[in-house]
Each structure stands twice: as C-alpha cells, then as structure tokens.
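For reference, the chains in residue letters:
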Amino acid sequence: YKIVTSQDTIEFDFKDYKGLAISLSGGIDSATLFYCLAEYITVEKLDIKLYPMTATSKQDVVASHAAGLVVNLIKKRFPNVFVEHIIRYTTLGGDFKKDVVNRIVTELYEKELIQAFIDGVTKNPDSSFNFIPPDEHYSAREEYREADMPKLIVFPDGQTLFRPFAGINKKGIWEMLLI
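Sequence order sets the numbering: in each chain, residues are counted from 1 along the sequence as written. At least 70 in pLDDT is required for a residue's local features to be given in this predicted model, at least 80 for side-chain atom pairs to be given and counted, and no such filter applies to totals for whole chains, interfaces and linings, which use all residues. Note that water and hydrogens are dropped before the side-chain values are worked out from all heavy atoms of the structure.

Peer 1: I would appreciate a short explanation of the overall build of the protein chain in the present structure.
Peer 2: Strands are runs of DSSP state E lasting at least two residues, helices are runs of H or I lasting at least four, and both sets are numbered from the N terminus onward. The number of helices and strands found in the protein chain is five helices and eight strands. Overall, the protein chain shows an N-to-C arrangement of helices and strands of β-β-β-α-β-α-β-α-β-α-β-β-α. Buried residues are those whose accessible area, probed at 1.4 Å on protein chains only, stays under 20% of the maximum for their type, while exposed residues exceed 50% and partly exposed ones sit between those limits. Counting across all 179 residues of the protein chain, residues that qualify as buried make up 45%. Two residues qualify as a contact provided that any one of their heavy atoms is within 4.5 Å of a heavy atom in the partner residue. Long-range pairs, those at least 24 residues apart, make up 71% of the contacts in the protein chain with a sequence separation of at least 6.

Quick look at the structure:
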C-alpha cells in the first residue's frame, strides 16, 4: 500500500500485525492516517484491529468530539475493520495528554492487543502553504518538526512507533486527500 505525494512516499506494510494503536486527536493529520490505515486493511483484506486513542482535557474539549466523529465515519466507510476507540480524560493538557496516550499504549502492549503504535505527526508547514489556524496554539511551530524525524522508532522496552507522515507537512496531507 503506497501513497505518493510531492514530498514523500507513504508506505504501509503491517501484514504480520494483529493490532495497531493510533493517536487520534480528531485533527486532519491523525484523521487522514486513520482513514488510510482502514483503507489499507480493507484493500489488502487483513485481519488487523485498530485502537484509536484520544486524550482530552478541559483545555481541549473539542478533541474527543472531533475524534468521535472521525471514528464514526471510519466505522461507516469500512464496516469490516475492527475499531475500538479509547478515550481518556486528564485535567491537564499539553505534554500531559502525551503521557496519557503513552500509558494507553503500554496497557495495550501488556494485554498483547497491539504490536505497534502509529502517530500522524507531520513536519511544520512551509511558508508556501497558507494555513489559517483556529487559534494561536495551532500556529506555534514546534522545533522537533523542523528537522528530519525518524519514521520508525524502536524503544528499549520493545515498543515500536511508526510515523508514516514524518516526511510531509500539511501540504502533503492535502495532496493525499485530493488523490
């Protein structure tokens, strides 16, 4: 399964996997990744369970609602794909939400439900892409998104993180949506 953009080629090869966790904020990057994974599973006729995970807080009350809408869309569009949406609440935002997601990933690994965690992180937009963010939080450029990010990280405990969109920015996401 391959998607070609002007910035990078995104490839999925999860034929030997039985379960995948996906970080799902409800935003365009994670929603597109979730859609592509469900399409991949359907096209390749694979038996892979998807566990989208959403961490939400008082500072980001829209996340669980937007993520829920995405999950409903995927379930309708790909009815043969197993999807179990996991939502956890935290009183704090930012990095605390990442900690919540990491705890969910660890729980899923311990229960042997997943063999990998997939994140839809992308590069910062370049100056040629006109993106009007909904608020100031979304317009902040994150330093780690400026450099080349690895698409695969294997942690000392054996957990595996895939970042298939690490080589593209929002322009690449839009290209994927227009295919």
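Peer 1: So what exactly am I meant to see when it comes to helix α5 (residues 170–178) here?
Peer 2: Given 3.6 residues per turn, any residue in an α-helix points the same way as the ones three and four places further on. For α5, the set of buried residues is Lys170, Gly172, Ile173 and Met176. End-on view of α5: buried residues confined to an arc of 160°, all on one side of the axis. Close packing links the buried residues of α5 with β1 (2–4), β2 (9–11) and α1 (28–43). Here α5 starts with a cap whose side-chain oxygen sits 2.9 Å from the backbone nitrogen of lysine 171, and that cap is asparagine 169. Directions drawn from the helix axis to the C-beta atoms are what define this arc. Think of a polar contact as two N or O atoms within 3.5 Å of one another; within protein, one of them needs to be a possible hydrogen donor and the other a possible acceptor, and neighboring residues in sequence only count if both atoms come from side chains.

Peer 1: Before we go on, may I ask you to explain the packing of α1 against helix α2 (residues 62–77) in this structure?
Peer 2: Helix-helix packing is characterised by the crossing angle of the two axes and by the distance between the axes. For the pair α1 and α2, the least separation of the axes is 10 Å and the interaxial angle reads 20°. In terms of their interaxial angle, α1 and α2 are classed as roughly parallel. Along this stretch, α1 crosses α2, giving a crossing that reads as right-handed. Side by side, α1 and α2 meet where Ala31, Phe34, Tyr35 and Ala38 of the first sit next to Val70, Val71, Ile74 and Arg77 of the second. Note on residue classes: Ala, Val, Leu, Ile, Met, Phe, Trp, Tyr, Cys and Pro are nonpolar, Asp, Glu, Lys and Arg are charged, and everything else, Gly too, is polar. When grouped by side-chain class, the residues that make up the contact of α1 with α2 number seven nonpolar, no polar and one charged. Axis lines are fitted to C-alpha atoms, over the contacting stretch for helices. Their N-to-C directions set the angle, which ranges from 0 to 180 degrees. Angles are sorted into four bins: roughly parallel if under 35 degrees, roughly antiparallel if over 145, roughly perpendicular if 65 to 115, and oblique for all others. Each crossing gets its handedness from the near helix: less than a right angle anticlockwise from the far helix is left-handed, clockwise is right-handed.

Peer 1: Would you explain the layout of surface pockets in this entry?
Peer 2: One water molecule sets the probe size; rolling that probe over the atoms shows where empty space is left. Cavity and pocket criteria rest on a 1 Å grid covering protein atoms alone: a 1.4 Å probe that fits but cannot get out defines a cavity, protein on both sides within 12 Å along at least 5 of 7 lines defines an open pocket, and an atom within 4 Å of a point defines a lining residue. Grid points are joined across faces, edges and corners, and a volume is the space filled by probe spheres set on the points. Of the pockets and cavities examined, the second largest pocket occupies roughly 150 Å³. In terms of lining, the second largest pocket is formed by 10 residues, of which the most central are Tyr1, Ile3, Cys36, Glu39 and Met176. At the level of secondary structure, the elements contributing two or more residues to the lining of the second largest pocket comprise β1, α1 and α5. Looking at side-chain class alone, the lining of the second largest pocket contains seven nonpolar, one polar and two charged residues.

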